[in-house]
Amino acid sequence: MIPFNKPYMTGRELSQIAQAHANGHLSGDGPFTKRCHAWLETSTRASKALLTHSCTAALEICALLLDLQPGDEVIMPSYTFVSTANAFVLRGAVPVFVDIREDTINLDECQIEAAITPRTKAICVVHYAGVACEMDAIMDIAQRYGLKVVEDAAQGIMSTYRGHPLGTIGDLGALSFHETKNIIAGEGGALLCRDPDLAERAEIIREKGTNRSLFFRGQVDKYTWVDIGSSFLPGEITAAFLAAQMDAADDITSRRMALWNRYHTWAASHEEARRLRRPIVPAHCTHNAHMYYLLLPSLKARTAFIDSLKKAGVQSVFHYIPLHTSPAGLRYSRAHGDLPVTRGISDRLVRMPLWIGLEDVFQQVIDAADGALL
Ligand SMILES: *Cc1c(COP(=O)(O)O)cnc(C)c1O
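Every value quoted in this text rests on a predicted model; they were computed, and no experiment measured them. (Residues numbered from 1 in each chain as written. Predicted model: local features only at pLDDT ≥ 70, side-chain atom pairs only at ≥ 80, totals over all residues. Heavy atoms only, no water.)

**Q** Whenever I open this one, the side chain of Glu236 confuses me. Can you help?
**A** With respect to the helices and strands, Glu236 occurs in helix H8 (residues 236-247). Despite being buried, Glu236 has no salt bridge partner; Lys34 is the closest side chain of opposite charge, sitting 7.4 Å away. Polar contacts involving the side chain of Glu236 include one to the main-chain amide nitrogen of Phe32, which spans 2.8 Å. When sequence neighbours within four positions are dropped, the list of residues in contact with Glu236 reads Ala20, His25, Leu26, Ser27, Asp29, Gly30, Pro31, Phe32 and Thr33. (Helix = DSSP H or I, 4+ residues; strand = E, 2+ residues; numbered from the N terminus. Buried < 20%, exposed > 50% of the residue type's maximum accessible area, 1.4 Å probe, protein only. Lys, Arg positive; Asp, Glu negative; His and termini not counted. Salt bridge = Lys/Arg side-chain N within 4 Å of Asp/Glu carboxyl O. Polar contact = N/O pair within 3.5 Å; in protein donor to acceptor, adjacent residues only side chain to side chain. Contact = heavy atoms within 4.5 Å.)

Right, dumping it as structure tokens:
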């Protein structure tokens, strides 16, 4: 069976881990974590990058930084991973789901204003498949209504919107290094901060609510409990693994892009014959080839497609069950309208295998997909 995902190793991870072992610093914020922070700050130009043990953790820090009170509302898409919503629900806030655009499958910026109420405190965008939301329009709305903007850029490392790296346009951004993402650490993530004031508090929240980071830099003479917080930082073994991946980030992206382009070229004739729709990337966005998905005409067609691929030895998957229709979503959140595009996309989208090494069996995938469509 050709798997849907296979984590890529650069070959340098184990020697970096051996180095972390030799350094004798195994908890967080050692030399490898500093290297990862420097890489992130250089490549994204964020004023502060902080490694976390997951993107989920980075989103939880965002929710703490926003000082959300029970009943405060956060506008977001329903078509996303659960962590986008959970991070805010943990603070007692209410996710308010807005529909997505048919083309990029991202939050529909034209529907945000109508969902704003006196309780709205923030907008949390999700850059689906590493393709940016319409950030100019979204930042304009946020400014006019005094809202904060959090970017769930879990899928967005190495992607840009009008030249700006994803995760650095809003007030706060969250990246993921989960093994299903492009640059991986097993489990891992990062918080990107644009505003230095938020960054200082983020450091404290990430370090169990203490000013330990300031203490280590000699900026305060004792370290103590100064705010609420938790333990959000990864250990050095994880950071060492991640550092090896970051060193290879350009290579990883271009190899994924080559596969993405092969899918895109292959799918063109099927799109012309109206058997499917291909991903759409606006001209002002560069993407990172995080995902290749197809939109089939119906739920029935998608089910048949996935079954047919499976019989031909190729694993493909679908996601997401819209959060507003899920059991926890019904309890903790609210939808603004019927979200027809969300429902339609959720029924029709299928993700194709995309991992470095797939080159060797790519023809088998294409043959299986041709067989399923024709
Ligand atoms: C993967 C993902 C997450 C969660 O990332 P973790 O690092 O596993 O916590 C959150 N949001 C989106 C959109 C994702 O794709």
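**Q** Even after reading the chapter, I still don't get the sheet that holds strand E7 (residues 164-165), so can you show me in this structure?
**A** Sheet strands pair by backbone hydrogen bonding; their relative direction is either parallel or antiparallel. Spatial strand order, E7-E6-E10: three strands in an open sheet with antiparallel pairing. Looking along the sheet, the strands with just one partner apiece sit at the ends: E7 and strand E10 (285-286). (Pairing = 2+ DSSP bridges.)

**Q** It is not clear to me how the domain arrangement of the chain should be interpreted in this structure. Could you clarify?
**A** Often, the extent of an interface is quoted as the loss of accessible area on bringing the components together. You can read the domains of the chain as domain 1 (13-247) and domain 2 (249-373). Spacing between the C-alpha centres of domain 1 and domain 2 amounts to 25 Å. Facing the 47 residues of domain 1 at the interface are 37 residues of domain 2. Summing the contributions of domain 1 and of domain 2, the shared interface buries around 3,600 Å²; its carbon and sulfur component is 56%. The largest per-residue losses of area from domain 1 upon contact with domain 2 belong to Tyr79, Phe97 and Asn182, which jointly make up 19% of the total buried on that side. Counting across the domain 1 and domain 2 interface gives two salt bridges. Close ionic contact of Glu73 with Arg334 constitutes a salt bridge, the shortest N to O distance being 3.0 Å. (Domains from an automatic or database assignment. Buried area = accessible area lost by both parts, 1.4 Å probe.)

**Q** Looking at this structure, how should I read helix H3 (residues 55-65)?
**A** By the criterion of burial, H3 is predominantly enclosed, with nine of the 11 residues buried. Burial in H3 covers these residues: Cys55, Ala57, Ala58, Leu59, Ile61, Cys62, Ala63, Leu64 and Leu65. Check the buried side of H3 and you find it contacts strand E1 (48-52), helix H4 (82-89), strand E5 (148-152), strand E8 (172-176), strand E9 (189-193) and helix H6 (196-206). Two or three places before Thr56, at the start of H3, stands the capping residue Ser54, its side-chain oxygen 3.4 Å from that residue's backbone nitrogen. Positive phi shows up at Asp67, right after H3, with a value of about 55°.

**Q** Would you mind showing me how to read the pairing of strand E3 (residues 94-98) here?
**A** Successive side chains on a regular strand alternate, one facing one side of the sheet and the next facing the other. E3 sits mainly inside the fold: four of its five residues count as buried. By the bridge criterion, five bridges tie strand E2 (residues 73-77) to E3 in an arrangement that is parallel. What sits directly across from Met76, in E3, is Phe97. Handedness of the β-α-β unit built from E2, H4 and E3 comes out right-handed. Across two bridges, E3 lies against strand E12 (residues 334-335) in parallel orientation. When the sheet's bridge partners are listed, Val96 is paired in E12 with Arg334. (Right-handed = clockwise from strand over helix to strand, strands pointing away.)

**Q** I'm lost on a nonpolar patch on the surface in this one. Help?
**A** Nonpolar side chains collect at one region of the surface, where Phe215, Phe216 and Tyr223 lie side by side and expose about 320 Å² of accessible area between them. Note that Phe215 resides in helix H7 (residues 212-216). (Patch = residues over 30% accessible without salt bridge, like charges linked within 9 Å, V, L, I, M, F, W, Y side chains within 5 Å. Areas by Shrake-Rupley, 256 points an atom, 1.4 Å probe, with all protein chains shown as cover.)

**Q** What's the story with the pairing of E8 in this structure? I'm lost.
**A** Of all five residues making up E8, five are buried, and the element is well covered by its neighbours. The two faces of E8 match: Leu172, Ala174 and Ser176 on one face and Gly173 and Leu175 on the other face are all buried. Where E5 and E8 come together, three bridges link them in parallel fashion. Across the sheet, the residue bridging to Asp152 is Ala174, located in E8. Where E8 meets E9, five bridges bridge the pair, whose relative direction is antiparallel. Counted as the bridge partner of Gly173 is Leu192 from E9.

**Q** Help me understand the environment of Lys300, please; the structure alone is not making it clear to me.
**A** Of note, Lys300 is situated in helix H10 (residues 299-311). Put simply, Lys300 and Met76 are 224 residues apart on the chain and 28 Å apart in space, counted from C-alpha to C-alpha.

**Q** Mind showing me how you'd approach the site of the ligand here?
**A** Around the ligand, a shell composed of 14 residues is seen, among which Thr56, Asp152, Gln155, Ser176 and Lys181 lie nearest. In the model, an oxygen atom of the ligand is placed 2.5 Å from a nitrogen or oxygen of the Thr56 side chain. The separation between an oxygen atom of the ligand and a polar side-chain atom of Gln155 is 2.8 Å. Relative to its unbound accessible area of 390 Å², the ligand is 92% covered by the protein chains. In the shell around the ligand, the residues fall into five nonpolar, seven polar and two charged. (Near = heavy atom within 4 Å. Nonpolar A, V, L, I, M, F, W, Y, C, P; charged D, E, K, R; others polar.)

**Q** Would you mind showing me how to read helix H12 (residues 340-348) here?
**A** Counting along an α-helix, one turn takes 3.6 residues, and residues three or four places apart therefore face a common direction. Listed as buried for H12 are Val341, Thr342, Ile345, Ser346 and Arg348. Of the surrounding elements, those touching the buried residues of H12 are strand E11 (293-295), H10 and strand E13 (349-351).

**Q** So what exactly am I meant to see when it comes to the packing of aromatic side chains here?
**A** The geometry of two aromatic rings is summed up by the distance between their centres and the angle between their planes. In this structure the tally under the stated criterion is nine aromatic pairs. Ring plane angle 50° and centroid distance 5.8 Å describe the contact between Phe215 and Phe216, whose orientation is recorded as tilted. Given a relative accessible area of 31%, Phe215 falls into the partly exposed group. Taken together, a centroid distance of 5.2 Å and an interplanar angle of 70° make the contact between Trp260 and Tyr292 edge-to-face. Here the residue Trp260 occupies a position in helix H9 (residues 249-272), and Tyr292 occupies one in the loop between E10 and E11, the gap between them amounting to 32 residues. The pair formed by Trp260 and Tyr292 is uniform in burial state, with each residue classed as buried. Among the aromatic side chains, those forming a connected cluster through ring pairs are Tyr79, Tyr128, Tyr293 and Tyr320. Across from the ring centre of Phe318, 4.1 Å away, lies the NZ or CZ of Arg302, which sits over that ring. (Phe/Tyr/Trp six-rings, centres within 6.5 Å; stacked < 30°, edge-to-face > 60°. Lys NZ or Arg CZ within 6 Å of the ring centre and 35° of its normal.)

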